[in-house]
Amino acid sequence: MHGILPIDKPKDFTSRDIVNIAMRKFGIKKIGHSGTLDPMATGVLVLCIGKATKAISFLQDSNKVYLAEMKFGIATDTEDIWGRIITKSNSHIKVSQINDAIKNFLGEIEQIPPMYSAKRHNGKRLYQLAREGQIIERKAAKVNILDIKIIDFNEKDQTALLKIHCGKGTYIRSLIRDIAKSLNTIATMTKLRRLNNSGFSIEDCITIDELKSDNIILDKLFDIDYVFKSYKEIQLENSYFKHITNGMTVVIDDNMEYNDKLYRVYCKDLFIGIGSIKGKSQKGYLLKIDKLFI
């Protein structure tokens, strides 16, 4: 069994919990996911099963879309509402102020990750150090924010619902912290739902109840090559199968230009893997598989 299975993760489940449930259901140990969701967060968690685990690194590099709620006037040690409140303030922010502030967070920005995160310091997770009472100086990392929209704002409750389209490595909690800081106030994240992960949306997902059920859900699996649907396709002659799957370079015709970095490669009506052009000879372009999926 090989393929991609997006799950709509509910609250109170870790990402590892979902993987374990899938392992028990399918009797397969080779299952991973493409991006951790915190236990209280919900939404798209993409499971990679069997040979599809080779696609995890590609999926992790993809963009994500979140729906996040922030509440002004509260700061916690975890930067979300499930942490310990460390500061309160009597802020009164208006929606026009938020609109002005978020414009400064579009594009490539630097972000200091939260202490309660899985990043490592001297071989130890930051959240482990935080639980021991240690606060470590963290280096800022560059992240890419493609878009931020205000979906709803309650001026009385001082809560804002944001839709955030971002690149890999973005901490939404920290983004909320920094937006509030730019308004000379504090805020914490109160809700988080991932709407899209690596091109998979909520509409593509099955529920946790469906995953736990006795029903066979193989029809819900996405083929591995779906991950690479934006890549151009190269179809090889059947005679190339042995060579290309053994890591050898093969010659393809030069009737077209190959300008992209990576391509979906097929042979014998099978998705072979992701390949790239390694140069050109007198006979044609030289193609080699960079990641084999069979």
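Just so we're clear, the structure is a prediction, and the values are computed from it rather than from any experiment.

J.: What is the right way to look at the overall build of the chain in this model?
T.: If you tally the helices and strands in the chain, you get seven helices and 18 strands. Summarising its shape, the C-alpha atoms of the chain cover approximately 70 × 45 × 40 Å along the three principal directions. Per-residue burial over the chain gives 45% buried out of 294 residues. Sequence-distant contacts in the chain: of pairs separated by 6 or more residues, those separated by 24 or more amount to 68%. As displayed, the chain offers around 15,600 Å² of accessible surface, 47% of which is attributable to carbon and sulfur atoms. The centroid of the 46 positive side-chain charges in the chain is displaced by 5 Å from the centroid of its 35 negative side-chain charges.

J.: Looking at this structure, I do not really get the sheet that holds strand β17 (residues 270-280). What am I missing?
T.: Strand pairs in the sheet, formed through backbone hydrogen bonds, run parallel or antiparallel to each other. As summarised here, the arrangement of the five strands in space is β14-β16-β17-β18-β15, forming an open sheet in which the pairing is mixed. Each having just a single partner strand, β14 (232-236) and β15 (250-252) make up the two edges of the open sheet. Strand-to-strand twist in this sheet, taken as the mean axis angle between neighbours without regard to direction, amounts to 45°. Here strand β16 (residues 263-267) runs beside β17; their pairing, made up of five bridges, is antiparallel. Across the sheet, the residue bridging to R264 is I274, located in β17.

J.: Just to check I follow, could you spell out the packing of aromatic side chains for this structure?
T.: Think of a pair of aromatic rings as described by two things: how far the centres are apart, and how the planes are tilted against each other in angle. Applying the stated criterion across every chain yields a total of nine aromatic pairs. Here the aromatic rings of F58 and F228 are separated by 5.0 Å at their centres, their planes lie at 90°, and the arrangement is edge-to-face. You can see F58 sitting in helix α2 (residues 56-60) and its partner F228 sitting in the loop between α6 (208-212) and β14, a full 170 residues away along the chain. Since its relative accessible area comes to 22%, F58 is described here as partly exposed. Here F271 and F293 contribute two aromatic rings whose centre-to-centre distance is 5.6 Å and whose plane-to-plane angle is 25°, an arrangement assigned as stacked. Remark: F293 occurs in the segment after β18 (285-292) and F271 occurs in strand β17; sequence separation between them is 22 residues. Members of the aromatic cluster, joined through ring pairs, are F58, F228, Y231, Y266, F271 and F293.

J.: Got a minute to help me understand helix α1 (residues 15-26) in this structure?
T.: Count 3.6 residues to each turn of an α-helix, and residues three or four apart come out pointing the same way. A rise of 1.5 Å per residue sets the reference length of α1, with its twelve residues, at 16 Å; its end C-alpha atoms lie 17 Å apart and thus fit the reference within 8%. Where α1 is buried, its residues meet β1 (3-9), β2 (31-33), β3 (42-49) and α6. Of the residues trailing α1, G27 is marked for its positive phi of about 65°.

J.: Got a minute to help me understand unusual backbone geometry in this structure?
T.: Keep in mind that most residues, glycine aside, have a negative phi and that most peptide bonds are trans. Not every positive phi belongs to a glycine, and D12 is a case in point at roughly 70°. In this structure, D12 sits in the loop between β1 and α1. For D12, a relative accessible area of 60% puts it in the exposed group. At D269, a residue that is not glycine, the phi angle is positive and equals roughly 60°. Looking at the secondary structure, you find D269 in the loop between β16 and β17. With relative accessibility at 75%, the residue D269 sits in the exposed group.

J.: What is the right way to read the nonpolar core from this model?
T.: Ranked by internal contacts, the top residues of the largest apolar core, which has 29 residues, are F72 and I172. Looking at this core, the elements that each hand over two or more residues are β4 (64-72), α3 (95-102), β10 (141-154), β11 (159-166), α5 (172-182) and β12 (187-197). Discounting chain neighbours no more than four positions away, the residues touching I172 are Y66, A68, I164, C166, M189 and L192. Counting 19 residues, the second largest nonpolar core, distinct from the first, contains I4, C48, I56 and V227.

J.: Would you mind going over the environment of E233 with me for this structure?
T.: Mapped onto the secondary structure, E233 falls in strand β14. Taking C-alpha positions, E233 is 19 Å from K54, a pair spaced 179 residues apart along the chain. In terms of polar contacts, E233 uses its side chain to reach the side chain of Q235, at 2.8 Å.

J.: What should I look at first to understand the confidence of the model for the chain in this one?
T.: In low-pLDDT regions, the fine details of the predicted coordinates are not to be read closely. Confidence in the prediction for the chain averages 90 pLDDT; 93% of positions are at 70 or higher. Confidence scores differ between elements of the chain, with helix α4 (residues 126-131) showing the lowest mean pLDDT of 63 and β11 the highest of 98.

Quick notes on the rules
- Residues numbered from 1 in each chain as written.
- Predicted model: local features only at pLDDT ≥ 70, side-chain atom pairs only at ≥ 80, totals over all residues.
- Heavy atoms only, no water.
- Helix = DSSP H or I, 4+ residues; strand = E, 2+ residues; numbered from the N terminus.
- Buried < 20%, exposed > 50% of the residue type's maximum accessible area, 1.4 Å probe, protein only.
- Contact = heavy atoms within 4.5 Å.
- Areas by Shrake-Rupley, 256 points an atom, 1.4 Å probe, with all protein chains shown as cover.
- Lys, Arg positive; Asp, Glu negative; His and termini not counted.
- Charge placed at Lys NZ, Arg CZ, Asp CG, Glu CD.
- Pairing = 2+ DSSP bridges.
- Axes fitted to C-alpha atoms, helices over the stretch in contact; angles between N-to-C directions.
- Phe/Tyr/Trp six-rings, centres within 6.5 Å; stacked < 30°, edge-to-face > 60°.
- Expected span 1.5 Å × (residues − 1).
- Core = buried A, V, L, I, M, F, W, Y, C linked by side-chain atoms within 4.5 Å.
- Polar contact = N/O pair within 3.5 Å; in protein donor to acceptor, adjacent residues only side chain to side chain.
- pLDDT = per-residue confidence, 0-100.

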